[in-house]
Amino acid sequence: MIEKAFNLTTDPWIKIIETGTNKEKTVSLIEVFQNAQNYRRLAGEMQSQDLAILRFLLAILTTIYSRFNAENEPYDWLTIDENMMQVILDEDDGQEIEDDLLDTWTTLYQNGHFTDVVTKYLKLYNDRFSMFGEHPFYQVTESEYNQFAPSNKQIKDGNGPGKVAVRQINRQISESSNTPAIFSPKSDDFKNSIKIDELVRWLITYQNFTGVTDKTKIKTTEKFSVSRGWLYQLNPVFAEGKTLFQTLMLNMILVRKDKTFYPQKPVWEYESVRTYVNERMKQQLPENMAELYTSWSRLLHIHWDQRGQPIFFSAGIPMFNNEDAFIEPMTTWRIDKSSKRYKPAAKWLNSLGTAMWRSFGQYVNVKGSDDMHEPGIVEWLHLLDNKDVIPLDAQITLASATLISDGNATSQAPAVEVCDDMHINADVLFDKRNSNYWPKRIEDTIELTQKVGTVYWQFAKDIATIRGYGKPEAKEFANRMSGKFYESLNQPFKIWLSQLTNNDDRDQRIKTWNNTLYKLVLVTTDDITQSSSLRDIRGIVNENGNVKNIFTANNNLRYNIRKVLNLK
């Protein structure tokens, strides 16, 4: 039996990489904030796990620095109680509030470290970060669980319905009782074994990336469907710095675009589980990011067996609507055709091969149109740029990490993790709108690149036809070859993008990329030509009586590519 004492504030559970040694280390909450400037990044089991934990850390920082300035003093326009909670907004001067919050952000960023008020806050709420006791972290007690569970779903001493195995909580496995995970990092005997520090990481991750395999729901007056975790519904995007401190700072949004100030209320500041669940039953979108970042998708109770291993019991709770949920800053958006409202542009299995740079226009409103909504994190970085807080020559990294659902409506279990990033200079990303506006020129270049991709797809389809494939097989072959072609473009394009500056001759830089693109096409097609079979060379006779073979297909490709790229 394990010792029933583990507190996130003082016990090590957060995996990081040290900047000085490049070695992995496990640290506590207090340590991670005290030494964030000495850590390169989070280093958990998966990058999607790191993102879930990053948002958890941001909930703490956003709560604290929306109440206290960089000198650890409460803002003049707030009344703070003995629990460090905001009681009253004394003034409603939006400009003063914005100025003070930006001053706090700037001072912290320039000082290069967080202040002692973070440690003070964590010590004050110490009991809410304990894995055991009256307020177990991200869990409920057995009696609290039974208050909300239907009578036929209640539990006693580790027995009852609604069980969720560790192998399902662990997103590296994500194995239900019906579908074994074949490619698991753990053997079957150890899939339900877990150390407590790893359990904490997966506990936070599971609340964010929950599928719908568990069927128990809490009692409510109105029916509701069990929902996926909130982060699981997004196409995440966040800013990445050179250190963990920079990453936390770049994503710590203290001023919203609408300049409205809302008190922060993370889940642990609710008076009781009942108060929180009653609020969730309203299915209202949170008005503050700390609450959003710490939103539960399930009531979880953990029973510890005699071997010291956890047994989970899970009950779904109502999830708020994601339409026009612009309080969420870490996602791209799309307009829903039926409701005509914005929804997070979640990734699916059929979009796995589409890199971030190919969707550049989802991250930046290149045309300034009203029907496109930029991610909140991009709007925030733009505000920092306008205030001259971040240097014009600073390189901004926009990154993404998410789990993709298997598409099965009855499980929505994670099928694959997708991670990507793109690097771009601040003066390019936030260029002034004029005839040489870099984001518009970048988007035009991407559209041209995708036209080249279409020409290459047709070349691949022609090869499949020459080889005697039927129409479905030829299309499948072309899609597969097109995917490999775009993979070959990812790194060169990202390098080209990262090297752009606001002093560049736009036409010359774009011409450089077009030449690079043409060479990449030739390398790819030459590889196919050199490995061609006798049938590829002999070819077929088309309906016009002309011979169509690997060489004619290659010639057509070269002609069409040069025409698209306007190459002489």
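A short tour of the structure in this document, coming up. Everything numeric in this text was worked out from a predicted model, so none of it was measured.

### Quick word on the overall build of the chain
- In terms of regular secondary structure, the chain is built from 18 helices and 15 strands.
- Its C-alpha atoms give the chain a radius of gyration of 26 Å, within 12% of the compact-globule value 24 Å for 568 residues.
- In terms of overall dimensions, the chain has a C-alpha envelope of 85 × 55 × 50 Å along the principal axes.
- In the chain, which comprises 568 residues, the proportion classed as buried is 55%.
- The contacts of the chain with a sequence gap of at least 6 include a subset with a gap of at least 24, amounting to 68%.
- Accessible surface, the chain as shown: approximately 25,700 Å² in total, 46% of it carbon and sulfur.
- Across the chain, the centroid of the 67 positively charged side chains sits 10 Å from that of the 73 negatively charged ones.

### Side note on the sheet that holds strand 3 (residues 39-42)
- Reading across the sheet, the three strands line up as 2-1-3 and stay open at both edges, with antiparallel pairing between neighbours. Sheet topology places strand 2 (24-27) and strand 3 at the edges, where each strand pairs with a single neighbour. Within the sheet, the average angular offset between the axes of one strand and its neighbour, ignoring direction, is 40°.
- Judged from the four bridges that link them, strand 1 (residues 14-18) and strand 2 form a sheet pairing that is antiparallel.

### Structural notes on the packing of helix 14 (residues 438-466) against helix 16 (residues 506-530)
- At a minimum axis separation of 11 Å, helix 14 and helix 16 run at an interaxial angle of 20°. On the basis of the axis angle, helix 14 is roughly parallel to helix 16. The handedness of the crossing between helix 14 and helix 16 is right-handed. Residues Trp438, Arg441, Thr445, Leu448, Thr449, Val452, Tyr456 and Phe459 of helix 14 form the contact with helix 16, whose participating residues are Arg506, Asp507, Arg509, Ile510, Trp513, Asn514, Leu517, Val521, Thr524, Thr525 and Ile528.

### Points about the pairing of strand 9 (residues 310-316)
- Within strand 9, six of the seven residues are buried, which leaves the element mostly enclosed by the surrounding structure.
- Strand direction decides the pairing type here: strand 6 (residues 163-164) and strand 9, joined by two bridges, are antiparallel. In the sheet register, valine 164 faces strand 9, and the bridge partner there is phenylalanine 312.
- Note: strand 8 (residues 298-304) against strand 9, seven bridges, orientation antiparallel. Across the sheet, residue leucine 299 finds its bridge partner in strand 9, namely alanine 315.
- The antiparallel hairpin formed by strand 8 and strand 9 contains five residues in its connecting segment, where glycine 308 sits at a positive phi of about 80°.

### Remarks on the pattern of salt bridges
- One pass over the full model with this rule turns up 26 salt bridges.
- Between glutamate 98 and lysine 387 there is a salt bridge, and its shortest N-O distance comes to 3.8 Å. With glutamate 98 in helix 3 (residues 94-111) and lysine 387 in the loop between helix 12 (376-386) and strand 12 (395-405), this pair connects stretches of sequence that are 289 residues apart.
- You can call glutamate 98 buried: its relative accessible area is 5%.
- Using a relative accessible area of 40% as the deciding quantity, one classes lysine 387 as partly exposed.
- The residue aspartate 536 makes a salt bridge to arginine 467 at a minimum N-O spacing of 3.0 Å. Taken together, the residues span a long stretch of sequence, with aspartate 536 in helix 17 (residues 534-538) and arginine 467 in the loop between helix 14 and helix 15 (471-498) at a distance of 69 residues.
- Exposure remark for aspartate 536: the relative accessible area of 1% places this residue in the buried category.
- Taking the relative accessible area as the measure of exposure, arginine 467 reaches 25% and is therefore partly exposed.

### Let's talk about the packing of aromatic side chains
- Within this structure, the stated rule accounts for 33 aromatic pairs.
- Taken together, a centroid distance of 4.5 Å and an interplanar angle of 15° make the contact between tyrosine 456 and phenylalanine 485 stacked. Note that tyrosine 456 is positioned in helix 14 and phenylalanine 485 in helix 15, a separation of 29 residues in sequence.
- The exposure class of phenylalanine 485 is buried, given its relative accessible area of 1%.
- A network of ring pairs unites the aromatic residues Trp13, Phe56, Phe129, Phe137, Tyr138, Trp268, Tyr270, Tyr276 and Trp296 as a single cluster.

### Notes on the nonpolar core
- Core analysis: the biggest nonpolar cluster contains 172 residues, and Leu29, Phe56, Met131 and Trp380 have the highest contact counts within it.
- No other element matches the twelve residues that helix 2 (residues 47-65) contributes to this core.
- Apart from residues no more than four positions distant in its own chain, phenylalanine 56 is found in contact with Leu8, Trp13, Leu29, Phe129, Phe137, Tyr138, Ile204 and Trp268.

### Some remarks on the packing of helix 15 against helix 16
- At a minimum axis separation of 11 Å, helix 15 and helix 16 run at an interaxial angle of 145°. Between helix 15 and helix 16 lies a crossing of right-handed hand. Contact with helix 15, carried on its side by Met481, Phe485, Ser488, Leu489, Pro492, Phe493 and Trp496, involves Arg509, Ile510, Trp513, Leu517, Leu520, Val521, Thr524 and Ile528 of helix 16 and no other residues of that element.
- Considering only residue class, the contact of helix 15 with helix 16 consists of twelve nonpolar, two polar and one charged.

### Things to note about the sheet that holds strand 12
- Taken in spatial order, the three strands make up an open sheet running 7-12-13, and their pairing is antiparallel. At either end of the open sheet lies a strand with only one pairing partner, and these are strand 7 (238-240) and strand 13 (414-425). Going across the sheet, the axis of each strand differs from the next one's by a mean of 30°, ignoring polarity.
- In this sheet, strand 13 lies alongside strand 12 in antiparallel orientation, the contact comprising eleven bridges. Residue isoleucine 396 lies in a different strand from strand 13, and its bridge partner there is isoleucine 424.
- Its contacts with the sheet put helix 15 on strand 12 and strand 13, and the angle it makes with strand 13 is roughly 35°.

Reading the values: rules and limits
Residues numbered from 1 in each chain as written. Predicted model: local features only at pLDDT ≥ 70, side-chain atom pairs only at ≥ 80, totals over all residues. Heavy atoms only, no water. Helix = DSSP H or I, 4+ residues; strand = E, 2+ residues; numbered from the N terminus. Rg over C-alpha atoms; globule rule 2.2 N^0.38 Å. Buried < 20%, exposed > 50% of the residue type's maximum accessible area, 1.4 Å probe, protein only. Contact = heavy atoms within 4.5 Å. Areas by Shrake-Rupley, 256 points an atom, 1.4 Å probe, with all protein chains shown as cover. Lys, Arg positive; Asp, Glu negative; His and termini not counted. Charge placed at Lys NZ, Arg CZ, Asp CG, Glu CD. Pairing = 2+ DSSP bridges. Axes fitted to C-alpha atoms, helices over the stretch in contact; angles between N-to-C directions. Parallel < 35°, antiparallel > 145°, perpendicular 65-115°, else oblique. Left-handed = near helix turned anticlockwise from the far one by under 90°. Salt bridge = Lys/Arg side-chain N within 4 Å of Asp/Glu carboxyl O. Phe/Tyr/Trp six-rings, centres within 6.5 Å; stacked < 30°, edge-to-face > 60°. Core = buried A, V, L, I, M, F, W, Y, C linked by side-chain atoms within 4.5 Å. Nonpolar A, V, L, I, M, F, W, Y, C, P; charged D, E, K, R; others polar.

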